[in-house]
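Descriptive structure summary
So you can see what is in the structure, the chains are spelled out below.
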Amino acid sequence: MAVENKYDDSRMRGFRPSFRALTLIIVVIWIGVAALYALLKPISNGCIMTYMYPTYIPISTTGVETSAKYGLYLYHEGWKKIDFQEHLKKLSGVPVLFIPGNGGSYKQVRSVAAESDRAFQGGPLERTFYQETYLTPEEGGADMDIASFQLPNRYGYRLDWFAVDLEGEHSAMDGRILEEHTEYVVYAIHRILDQYKESCDAREREGAAGTGSLPKSVILVGHSMGGFVARAATIHPCLRKSAVETILTLSSPHQFPPVALQPSLGRYYESINEEWRKGYEVQTSRTGHYVSDPVLSHVVVVSVSGGYNDYQVRSKLETLDGIVPPTHGFMISSTGMKNVWLSMEHQAILWCNQLVVQVSHTLLSLIDSRTGQPFTDTRQRLAIFSRMLRSGIPQSFNWKMQAQSSWSTNVVKDVKNPSGSQLHALSGCPSNVHWNDDVLERDLYIQTTTVTILAMDGRRRWLDIQELGSNGKSHFIFVTNLAPCSGVRLHLWAEKGTPNSDLPAIKKKVLEVTSKMVQIPAGPAPRQIEPGSQTEQPPPSAVFQLCPEEMNGFRFLTISVAPRLTVSGQPPPANSMAVGQFFNPEEGNTELSPKLMLLSAYSHKDIFLKEDHPLVFNLSFATSLGLLPVTLSLKTAGCGIKSSGLPDEEVDDTETSRLCKLRCFPPVALAWDPTSGLHVFPNLQSETIVVDSSPALWGSTVSEKTTVLLLVDPHCSYQTNIVVSLPGAASRFLLLYGSQIVGFSIAVIFFALMRQARTPPVPSILEVMESNLRIPFPFLALSIVPILISLFLSYLLSQPLPPFMSFTVISVICYLFANGFVILLILVSQWVFYVAAYLHVFIKRRWQLWEGNFCFSFLQWFINLCSGFLSLKVIGVLRANPLYVSVSAAIILSTFVHPALGLFILLLSHALCCHGALCNSLIASFRTHARRMELSDHKTQGNSWSQQFASKPGSPSKENSSSYGQTQEDIFHYRHGLLVLHLLGALMFAPSLISWLQRIGMHQSFPRFVDSSLCICLILHGIFSSEPMFDSSFPFPHVLGQKVRLNFIYLLAGLFSFISALASTPYKAFYAIGAVGAISFALSISPRWTGAPRFGRRRYSLKR
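The structure presented is a predicted model; accordingly, all values stated were derived computationally and were not measured.

Definitions and cut-offs
- Residues numbered from 1 in each chain as written.
- Predicted model: local features only at pLDDT ≥ 70, side-chain atom pairs only at ≥ 80, totals over all residues.
- Heavy atoms only, no water.
- Helix = DSSP H or I, 4+ residues; strand = E, 2+ residues; numbered from the N terminus.
- Buried < 20%, exposed > 50% of the residue type's maximum accessible area, 1.4 Å probe, protein only.
- Contact = heavy atoms within 4.5 Å.
- Areas by Shrake-Rupley, 256 points an atom, 1.4 Å probe, with all protein chains shown as cover.
- pLDDT = per-residue confidence, 0-100.
- Pairing = 2+ DSSP bridges.
- Axes fitted to C-alpha atoms, helices over the stretch in contact; angles between N-to-C directions.
- Salt bridge = Lys/Arg side-chain N within 4 Å of Asp/Glu carboxyl O.
- Disulfide = S-S within 2.5 Å.
- Core = buried A, V, L, I, M, F, W, Y, C linked by side-chain atoms within 4.5 Å.
- Patch = residues over 30% accessible without salt bridge, like charges linked within 9 Å, V, L, I, M, F, W, Y side chains within 5 Å.

**Comments concerning the overall build of the protein**
Tallying secondary structure elements over the protein gives 29 helices and 29 strands in all. The burial tally for the protein puts 54% of its 1104 residues in the buried class. Sequence-distant contacts in the protein: of pairs separated by 6 or more residues, those separated by 24 or more amount to 80%. Split by element, the accessible area of the protein, about 49,700 Å² in all, is 58% carbon and sulfur.

Spelled out as structure tokens, the structure:
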């Protein structure tokens, strides 16, 4: 009896999770719920809606197979009805082809096309005099003549926007669809160029004069997967030479597919990216002699990311690093884009007015007014993209090591002062932006390190650099809402100048630095509550900074403010503000370690800034805010009110806040991230600071720190509160490492099958999962060893090593999360099987009790009548060979229909086997229990339970019921492990199946060979490994003196899946599954062909 109780307890332990497993499940569920809460939370992106009057003109497409399925349209903006044919005859602009993304529509072109038409009619954007951004030396800007580079004053040619209709297919889910889209886009490019030839010929036949040369290339603009299709079409072998030279992508994944689960999709990405890498290499012969220039030397690619609000495509996937060299392309985030400064959702990037306006003017600026074609020089096109899209704020901020800017080489021109003598001029300010002759008559001499300007008073303020910049305060910063040139000008003086001085000598020692002012986004301007009342301080719109190297050799810095009524051009701001300060950057530095950041979620981190603090406050977060977003709150604590003589009872918190807003400008936060660039948060009060970085990935080389720069008014004191946002951290974790977790989950199951295949009896899949979590071993061996292998591979391949600590910690956390997810999946499926088995046994018991009942006899007669067709010969053959039937059906579906359908057949086979084995195990257990009751002489007379489960002919005897139950339980545990593995494999093909279902009734094609072959191997693994193979040795060379057994094969497959997950290519785990399936199938059929016994196969017996 004790033995039987022990058997029942061991059986139930296989269905009950341990405390360790329950804790892991709770953590996984909490992270999932918190992430879902954060992702479903409404987002306010600040975008302005774009309005249009669209008309879509169809372009006839014939001659290719896909032309009947897809379509090509020309966009026309206007509310008037037009004649399509006549409009096509007038086609004479610059062709631009829009390619929609995953599930997108050709009508999504309407926003950017409408703004392009308005930009062409309205002319270029109004010029400002903030610091411009030029190409870096790495991008080829070192030997570029900046003086000769000018943006056009007017647009001479309009953009003709075309769009391909791809039927809203989900190209992000299936590699075959992506290839078909690429082929049609190539055809569409040729059709567009031919249409211009047809339109020109039609005009000539009607006697119209020529309008210039025909276009030779098409600008491609792709959204989401459309951006990758644009790159794939550019290197397509059928594309005409130089038909594509400029590509602009919006929220497009370039490094990996956003859903990297299908093997054929991953391979297609790899092949395209490899072709692009080779396309920028000089073509040489086998002997190393020069053959030709790089194939893609004329192609420029610019990638625009949506920032942290784009949940579908992360910035790490949108970078061009390793694909396009810096001399031919770059990535920019919309958060750091000039005149945009916003993060936006995946679809909002198509209609956000701030962005589409900037994109429209950028594309129009690419057109050479002399030829009507885009500039042929790649550096000139890239420089236009850089100048039109990038802001003047550096992408990485460092006060001490900031490079000298181009303004230091400007030539000082001569102008006359009010006395008629020559004094100084600013080279960056044109002559039409002038001040009256009576300006700058009254000079102010600043004696403090902080200078404040509250009005446009027409005065010049002198700051002594040597005196005010002493005591370590060698840096100067200036924030204002005054525009450069028209509102404020700044100069560096070697010595103080007066109208009676030696002016030619002074002129040579004065440097205008106004052009070094950098524009930042300004928050909403304050409203005046009552007429004549004082308003709140306006937010700053520009930052100016000087480091000691830039002020070296100069004695004075002057800030000249224009009088309000003398400014030409636009009216001045209603409220003026400017604050400048000499400061020591070391005084405003605060570093937050990962420990402090994590503890801030429970114990808030408070920082108090007293009055007269540095205007610049630098926060350095050791862990990227892309993984641990923080909520940063600034509360005004005071601004000298209590020292003003007012009674304390008259100054409460509300009154203090109101009065301080009249004195201090709203704080601004600027966050720098190595991956996603600049993020600006104006009017900061309480904001969640997050950047779109992907830290701790294999191949990451840049620093993972995030620097946040606070611009805070030194006249006020602030209470700063920093709290890690746990829901935000959970959502970022799943967004960044979701694809890795899929690969880790497959590795986890392989490690579990490895332990199952060691020795009998077969432990449950849940037991081996829990045993693999034991610390220190085997958990450390299974989680750390693959990480060390990946680092060793990086060393062998001369690849940059990622930061070891963060890479290891994040990888282990992902591995733990994958364990929790798989355990949860196992428990759910196990409970489903257990409930179904109990119901089956219960119904079978009731069925036996109903024997002899009239209703039961009638039901049995009806069932026998309906099952008469089972006697047919064909049905009999199928019933006699269920294994071959299921294998044939699964392989046929995987080869000719869709791989996921074949995997569903395999899952059904696993489920039926598990259900049957568990039912048999339960029945054997009940029989054992009944026999034990009989031996105990408890209610042996008329015991219906023992009668129901008494031994019957053909069933196991009472003596073997325990062994039989154990055997059935082993089969259940083994097949359950295979079911979980193959279920994950089927789920990896679920997105592709969704896209396939969308195409039912349309043009269909066979699945890719790599997908079908891998799924067939997986099917063979499930069918021919349906029984436990303990101590199965394979005819391979011995490893460390040991035979190669099945558990070793599973170990290698798990390591390969783990490393594939680290490389963000979880689809490669399918290769491991396919290899295991091929080996299992080969070992299963080899004895039948050779007549030899199966390798090492031996049965086991249980002694009870």
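Picking up where we left off.
**Description of the confidence of the model for the protein**
Confidence in the prediction of the protein, expressed as mean pLDDT, is 82, and 79% of residues score 70 or more. The low-confidence segment residues 399-426 (pLDDT under 50) makes 70 contacts with residues lying over four places distant or belonging to another chain. Low confidence marks residues 1092-1104, where pLDDT is under 50. Its contacts with residues over four positions away, or in another chain, come to 30 contacts.

**A short note on the pairing of strand β25 (residues 668-673)**
With respect to burial, β25 is a largely interior element, six of its six residues being buried. Residues Val668, Leu670 and Trp672 of β25 are buried on one face, and the alternating residues Ala669, Ala671 and Asp673, pointing to the opposite face, are buried as well. Inspection of the sheet shows β25 paired to strand β28 (residues 706-711) by five bridges, in the antiparallel sense. Note that in β28 the partner of Leu670 across the bridge is Leu709. Direction of pairing for β25 relative to strand β26 (residues 677-681): antiparallel, over a ladder of five bridges. From the neighbouring strand, Ala671 faces β26, where its bridge partner is His679. The antiparallel pairing of β25 with β26 creates a hairpin that spans three residues between the two strands.

**Focus: unusual backbone geometry**
It is generally the case that most residues other than glycine have a negative phi and that most peptide bonds are trans. A cis amide bond links Ile775 with the next residue in sequence, Pro776, at an omega value of 5°. Positionally, Pro776 belongs in the loop between α17 (765-771) and α18 (779-796). With an omega dihedral of 10°, the bond running from Phe777 to Pro778 counts as a cis peptide bond. Phi at Ser251 is positive, roughly 55°, even though this residue is not glycine.

**A word on the sheet that holds strand β13 (residues 460-464)**
One key point about sheets: their strands pair by backbone hydrogen bonds, in either a parallel or an antiparallel sense. The mixed open sheet is built from five strands, whose spatial order is β11-β13-β19-β15-β16. Strands at the two margins of the open sheet, each flanked by one partner only, are β11 (443-446) and β16 (510-512). On average, each strand axis in the sheet is tilted by 25° relative to the strand beside it, whichever way the strands run.

**Comments concerning the pattern of salt bridges**
All told, the structure shown has 24 salt bridges when counted by the stated rule. Its salt-bridge partner being Arg460, residue Asp443 comes within 3.5 Å of it at the nearest N-O pair. Taken together, the positions of Asp443 in strand β11 and Arg460 in strand β13 put the pair 17 residues apart, joining distant regions of the chain. The exposure class of Arg460 is buried, given its relative accessible area of 8%. Across the pair Asp457 and Arg461 runs a salt bridge, and its minimum N-O distance is 2.5 Å. Looking at Arg461, the relative accessible area reads 5%, which means it is buried. Linked by salt bridges that have partners in common, Lys69, Glu169, Glu180 and Arg999 make up one network.

**Points about the state of the cysteines**
What the rule picks out here adds up to three disulfides. The partner cysteine of Cys639 in its disulfide is Cys660, sulfur to sulfur 2.2 Å. When the S-S torsion is -95°, as for the bridge of Cys639 with Cys660, the disulfide is left-handed. Here Cys660 lies in helix α15 (residues 653-663) and Cys639 lies in the loop between β24 (630-638) and α15, a separation of 21 residues in the sequence. The exposure class of Cys639 is buried, given its relative accessible area of 3%.

**Section: the sheet that holds strand β17 (residues 518-519)**
Here we have five strands laid out as an open sheet, ordered β12-β20-β14-β18-β17, and antiparallel in their pairing. Since the sheet does not close on itself, it has two edges, and those belong to β12 (450-453) and β17, each with one partner. Judged from the four bridges that link them, β12 and strand β20 (residues 578-583) form a sheet pairing that is antiparallel. Bridged to Thr452 within β20 is Val579.

**Notes on the nonpolar core**
Counting 118 residues, the largest nonpolar core has Leu619, Leu710 and Tyr1050 as the members making the most contacts within it. In terms of residue count, the dominant contributor to this core is helix α16 (residues 726-756) (16 residues). The residues touching Leu710, leaving out its near neighbours within four places in the chain, are Leu615, Val616, Phe617, Leu619, Leu632, Leu634, Val668, Ala669 and Leu684. Core analysis: the second largest hydrophobic core is formed by 52 residues, Val112, Ala163, Ile219 and Leu250 among them.

**Here's the deal with a nonpolar patch on the surface**
On the surface, a cluster of nonpolar side chains totalling about 650 Å² of accessible area is made up of Phe792, Leu793, Tyr795, Leu796, Leu797 and Leu801. Mapped onto the elements of the fold, Leu801 is located in the loop between α18 and α19 (804-849). Judged by its relative accessible area of 48%, Leu801 falls in the partly exposed class.

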